[in-house]
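An overview of the molecular structure
Letter by letter, the chains look like this.
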Amino acid sequence: MRELTCIGCPIGCALRVEVKGEEITVSGNTCPRGEKYARAEVTNPVRTLTSTVALEGGSIARVPVRTRGEVPKGKLFD
Ligand code: SF4
């Protein structure tokens, strides 16, 4: 069993996820977004990456950047 905190809203429901083969059971969520998040987190976790990029010759040293969409968690450092 995995325990996760839902990031869907500030309530932060404590989720419990059981994976048995193809079967995924989610509990602790108080709305459907929590179940969707938990299922994605145990099958294909993704994140929006935010960072800063240094500028050469710019009027400021760095600018904030973020990915256009979600990126597989395992590819974040790529
Ligand atoms: S399960 Fe629903 S209510 Fe609970 S934190 Fe996630 S989005 Fe919010």
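Residues numbered from 1 in each chain as written. Predicted model: local features only at pLDDT ≥ 70, side-chain atom pairs only at ≥ 80, totals over all residues. Heavy atoms only, no water.

1. Concerning the nonpolar core
Note the threshold: Working definition of a nonpolar core: buried Ala, Val, Leu, Ile, Met, Phe, Trp, Tyr and Cys residues. They are joined through side-chain atoms within 4.5 Å. The buried label applies to any residue whose accessible area, calculated with a 1.4 Å probe on protein chains only, is under 20% of its type's maximum; exposed applies above 50%, and partly exposed to all values in between. Here a helix means four or more residues in a row that DSSP labels H or I, a strand means two or more in a row labelled E, and each is numbered from the N terminus.
Leu4, Cys6, Cys13, Leu15, Val17, Ile24, Val26, Tyr37 and Ala38 form the largest nonpolar core, which has nine residues in total. When contributions to this core are tallied by element, the ones reaching two or more residues are β2 (14-20), β3 (23-27) and α1 (32-43).

2. Remarks on the domain arrangement of the chain
Many descriptions give the size of an interface as the accessible area lost when the pieces come together. To keep things clear, this is the line we draw: What marks off one domain from the next here is an automatic or database domain assignment.
Assigned domains of the chain: these are domain 1 (1-43) and domain 2 (45-78). Put simply, the middle of domain 1 and the middle of domain 2, counted by C-alpha atoms, are 27 Å apart.

3. Remarks on α1
Short version of the rule: Expected span, for any helix, means 1.5 Å times one less than how many residues it has. The arc in question is formed by the directions pointing from the helix axis toward the C-beta atoms. We call two residues contacting when some pair of their heavy atoms lies within 4.5 Å.
Helix length check: α1 (twelve residues) gives 17 Å between terminal C-alpha atoms against 16 Å at 1.5 Å per residue, within 8%. Taken residue by residue, α1 has Gly34, Tyr37, Ala38 and Glu41 as its buried positions. Each buried residue of α1 sits inside an arc of 100 degrees when the element is viewed along its axis, so together they form one side. Exposed side of α1, more than 90 degrees from the buried face: Pro32, Lys36 and Thr43 are the residues found there. Tucked inside the fold, the buried residues of α1 contact β1 (2-5), β2, β3 and β4 (46-47).

4. Regarding the environment of cysteine 9
Secondary-structure assignment places cysteine 9 in the loop between β1 and β2. Along the chain, cysteine 9 and glycine 34 lie 25 residues apart, while their C-alpha atoms are 9.2 Å from each other.

5. Overview of the site of the ligand
Under the convention used in this document: Proximity is defined per residue: if any heavy atom of the residue lies within 4 Å of a molecule or strand, that residue is considered near it. For this classification, the nonpolar set comprises Ala, Val, Leu, Ile, Met, Phe, Trp, Tyr, Cys and Pro, the charged set comprises Asp, Glu, Lys and Arg, and every other residue, Gly included, is treated as polar.
Cys6, Gly8, Cys9, Ile11, Gly12, Cys13, Asn29, Thr30, Cys31, Arg33 and Gly34 make up every residue found near the ligand. Looking at the shell around the ligand residue by residue, the class counts come to five nonpolar, five polar and one charged.

6. Section: the environment of alanine 54
Following the sequence through the fold, alanine 54 ends up in strand β5 (residues 50-54). Residue classification places alanine 54 among the partly exposed residues on the basis of a relative accessible area of 48%. In the structure, alanine 54 is positioned 50 residues away from leucine 4 in sequence and 34 Å away in space, judged by C-alpha atoms.

7. Thoughts on the pairing of β2
Along any regular strand the residues' side chains alternate between the sheet's two faces. Operational definition: Only strands joined by at least two bridges in the DSSP assignment are considered to pair.
Here β1 runs beside β2; their pairing, made up of four bridges, is antiparallel. Paired with threonine 5 across the strands is alanine 14, a residue of β2. Note: β2 against β3, five bridges, orientation antiparallel. Across the sheet, valine 19 pairs through a bridge with isoleucine 24, a residue of β3.

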